[in-house]
Amino acid sequence: MSIETRPPTEAQQEIITRFTDIEKNQLEFIEQAGKRVVEMTTVLLGLLLAAMSFGDTFPPPYLKDNGLTKGLLLIALALYVGAMFFGVWTVQPRLYRFHPHRLDKLPAELDAVLTRKAWTMRLATILFFLASLCLALLIAAIALSA
């Protein structure tokens, strides 16, 4: 039994080229996304800390006797710090096992690097989303209690 092969069509070749480009740029994309999460988390942490210190007294009146806003504030802070941690972990330089004379080991090493970076980036993204949701709920709770 023989298998007949034929060259890919133009549309199939375009898809192959796109996936090749995605695979080739995946590591750089994940690293850039990790940096972006760290930047956005820093900005939103600043906003959250500013929300805590509005007014001439500390804690502000909308936090003083409101367990909901205190809880949302603390949860958002913890989640943003967690998102920043995993974002930094994503872009943290590492020593890689590069074996120039053992090319058979390189694909497995690259796969391990991509898997770790994708995992930490996914956690950073989830924590960032949850923190932003808490921030939105915090703002809504403050607005409703005013």
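Preceding this section is the structure that the text describes.
Here the structure is a predicted model, which means the values were calculated and not measured.

Peer 1: Quick question: what am I supposed to make of the overall build of the protein chain here?
Peer 2: Assigned secondary structure in the protein chain consists of four helices and zero strands. Helices and strands appear in the protein chain in the N-to-C order α-α-α-α. Counting over 146 residues, the protein chain shows a buried share of 29%. Across the protein chain, the fraction of contacts at a sequence separation of at least 24, relative to all contacts at a separation of at least 6, is 78%. When the accessible area of the protein chain is evaluated, it comes to approximately 10,500 Å², of which 68% is carbon and sulfur surface.

Peer 1: Whenever I open this one, the pattern of salt bridges confuses me. Can you help?
Peer 2: Two side chains carrying opposite charge are able to pair once their charged atoms lie near each other. Under the definition given, this model contains four salt bridges. Glu-14 serves as the salt-bridge partner of Arg-18, at 3.8 Å between the closest nitrogen and oxygen. Placement of the pair is Arg-18 and Glu-14 together in helix α1 (residues 10–52), with a separation of four residues, close to one helical turn. Look at Arg-18 and you get exposed, because its relative accessible area is 55%. Residue class for Glu-14 comes out partly exposed when judged on its relative accessible area of 46%.

Peer 1: I'm lost on a nonpolar patch on the surface in this one. Help?
Peer 2: Together, Ile-126, Phe-129, Leu-130, Leu-133 and Leu-137 line one region of the surface with nonpolar side chains, adding up to about 460 Å² of accessible area. You can see Leu-133 is positioned in helix α4 (residues 106–145).

Peer 1: How do you make sense of the packing of helix α3 (residues 67–91) against α4 when you look at a structure like this?
Peer 2: When two helices pack together, their arrangement is given by the angle between their axes and by how far apart the axes lie. Remark: α3 packs on α4, axes separated minimally by 7 Å, with the N-to-C direction vectors making an angle of 160°. The angle between α3 and α4 falls in the class roughly antiparallel. Here α3 runs over α4; the crossing is left-handed. Here the contact of α3 with α4 is composed, by residue class, of 25 nonpolar, six polar and two charged.

Peer 1: Please clarify how the nonpolar core should be interpreted in this entry.
Peer 2: Generally speaking, nonpolar side chains in soluble globular proteins are found buried as a group. Within the largest apolar cluster, 27 residues are counted, with the highest numbers of intra-cluster contacts made by Leu-48, Leu-73, Leu-77, Tyr-80, Leu-135 and Leu-138. Secondary structure elements with two or more residues in this core: α1, α3 and α4. Among all residues touching Leu-138, those that are not within four sequence positions of it are Leu-48, Thr-69, Leu-72 and Leu-73.

Peer 1: How should I be thinking about the packing of aromatic side chains in this particular structure?
Peer 2: Working definition: an aromatic ring pair is given by the centre-to-centre distance plus the angle between the planes. Within the structure shown, the criterion is met by six aromatic pairs. Relative to Trp-119, the ring of Phe-86 has its centre 6.1 Å away and its plane inclined at 90°; by these criteria the two rings are edge-to-face. Of this pair, Phe-86 sits in helix α3 while Trp-119 sits in helix α4, placing them 33 residues apart in sequence. Residue Phe-86 is classed as buried on the basis of its relative accessible area, which comes to 15%. Of the residues examined, Trp-119 reaches a relative accessible area of 44% and is grouped as partly exposed. Put simply, the rings of Phe-85, Phe-86, Trp-89 and Trp-119 touch in pairs and so form one group of aromatic residues.

Peer 1: Just to check I follow, could you spell out α3 for this structure?
Peer 2: Since one α-helical turn is 3.6 residues long, residues separated by three or four positions face the same way. Taking 1.5 Å as the rise per residue, α3 with 25 residues should run 36 Å; its terminal C-alpha atoms sit 36 Å apart, in good agreement. Thr-69, Leu-72, Leu-73, Ala-76, Leu-77, Leu-79, Tyr-80, Gly-82, Ala-83, Phe-86, Gly-87 and Thr-90 are the residues of α3 that are buried.

Reading the values: the criteria
Residues numbered from 1 in each chain as written. Predicted model: local features only at pLDDT ≥ 70, side-chain atom pairs only at ≥ 80, totals over all residues. Heavy atoms only, no water. Helix = DSSP H or I, 4+ residues; strand = E, 2+ residues; numbered from the N terminus. Buried < 20%, exposed > 50% of the residue type's maximum accessible area, 1.4 Å probe, protein only. Contact = heavy atoms within 4.5 Å. Areas by Shrake-Rupley, 256 points an atom, 1.4 Å probe, with all protein chains shown as cover. Salt bridge = Lys/Arg side-chain N within 4 Å of Asp/Glu carboxyl O. Patch = residues over 30% accessible without salt bridge, like charges linked within 9 Å, V, L, I, M, F, W, Y side chains within 5 Å. Axes fitted to C-alpha atoms, helices over the stretch in contact; angles between N-to-C directions. Parallel < 35°, antiparallel > 145°, perpendicular 65-115°, else oblique. Left-handed = near helix turned anticlockwise from the far one by under 90°. Nonpolar A, V, L, I, M, F, W, Y, C, P; charged D, E, K, R; others polar. Core = buried A, V, L, I, M, F, W, Y, C linked by side-chain atoms within 4.5 Å. Phe/Tyr/Trp six-rings, centres within 6.5 Å; stacked < 30°, edge-to-face > 60°. Expected span 1.5 Å × (residues − 1).

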